[in-house]
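Take a look at the letters that make up each chain.
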Amino acid sequence: MSLINKIDHAKVLNLTEQIPLDDDQVNSRTLVQRDDLSMTLFSIATDQEIGGHSAQGDAMVNILSGEAEITIEGTVYHLTAGQSIVIPKDARHSLYAIRGFQMLLVVVKPD
């Protein structure tokens, strides 16, 4: 039984090839969705955003390409490819694409 069942196993993958970066769009592709854990690929086109919201678990954002501005509880962070940040559970946050970016989002929720 595969636990990560929406992506190939035992194959070298480039995650940026698994989610398109389309003009003027936000795209997502769920890899894992459980009560305690989710893994989702996102792409956010230049000048697009995911507005203010919060999550019911700690959210680790891993930037795969491009440039993002992530605001957490009013503090702005600038991230580029290869960088990550953890957003604490219930913290209000938003994401804005300075330059279209792709990310892997991992959310770990309490039992």
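Please read all numbers here as calculations on a predicted model, not as lab measurements. Note on numbering: residues in each chain are counted from 1, in written sequence order. Selection of residues for local features in this predicted model requires a pLDDT of at least 70, selection of side-chain atom pairs for listing and counting requires 80 or more, and totals for whole chains, interfaces and linings are taken over all residues. For side-chain calculations, the full set of non-hydrogen atoms in the structure is used, while hydrogens and water are omitted.

Student: Before we go on, may I ask you to explain the overall build of the chain in this structure?
Tutor: Numbered from the N terminus, helices here are DSSP runs of H or I no shorter than four residues, and strands are runs of E no shorter than two. In terms of helices and strands, the chain carries 0 helices and 7 strands. Reading the helices (α) and strands (β) of the chain from amino to carboxyl end gives β-β-β-β-β-β-β. A compact globule built from 111 residues would reach a C-alpha radius of gyration of about 13 Å, and the chain, at 14 Å, matches this within 12%. Considering the chain as a whole, with its 111 residues, one finds that 39% of them fall into the buried category. Contacts were defined at the residue level, with two residues in contact if any of their heavy atoms lie within 4.5 Å. Considering only intrachain contacts with a sequence separation of at least 6, the fraction spanning at least 24 residues in the chain is 61%. Residue burial considers only the protein chains on display, and all accessible areas are found by Shrake-Rupley using a 1.4 Å probe. With an accessible surface of roughly 6500 Å², the chain has 47% of that area assigned to carbon and sulfur atoms. Only C-alpha atoms enter the radius of gyration, while the globule expectation follows 2.2 Å times N to the 0.38, with N the number of residues. Here's how the labels work: a residue is buried when its accessible area is under 20% of the maximum for its type, exposed when over 50%, partly exposed in between, all with a 1.4 Å probe on protein chains only.

Student: Would you explain the pairing of strand β7 (residues 93-108) in this entry?
Tutor: In the case of a regular strand, side chains alternate between the two sheet surfaces. Extensive coverage of β7 is indicated by the burial of 12 of its 16 residues. Direction of pairing for strand β2 (residues 37-44) relative to β7: antiparallel, over a ladder of 8 bridges. Across the sheet, Met39 pairs through a bridge with Val106, a residue of β7. At least two DSSP bridges between two strands are required for those strands to pair. Bridge count between strand β3 (residues 49-53) and β7: 3 bridges; the pairing is antiparallel. In the sheet register, Ile50 faces β7, and the bridge partner there is Leu95. Note: strand β4 (residues 58-72) against β7, 13 bridges, orientation antiparallel.

Student: What's the story with the environment of Asp90 in this structure? I'm lost.
Tutor: With respect to the helices and strands, the residue Asp90 is situated in the loop between β6 (84-87) and β7. Sequence separation of Asp90 and Ala59 is 31 residues, and the distance between their C-alpha atoms is 9.6 Å. Apart from residues lying up to four places away in sequence, Asp90 is in contact with Ser54, Ala55, Gln56 and Glu73. Within the local environment of Asp90, its side chain forms a polar contact with the side chain of Lys89, the two groups lying 2.7 Å apart. Definition of a polar contact: a pair of N or O atoms within 3.5 Å, with one able to donate and the other able to accept a hydrogen when the atoms are protein atoms, and with sequence-neighbouring residues admitted only if both atoms are side-chain atoms.

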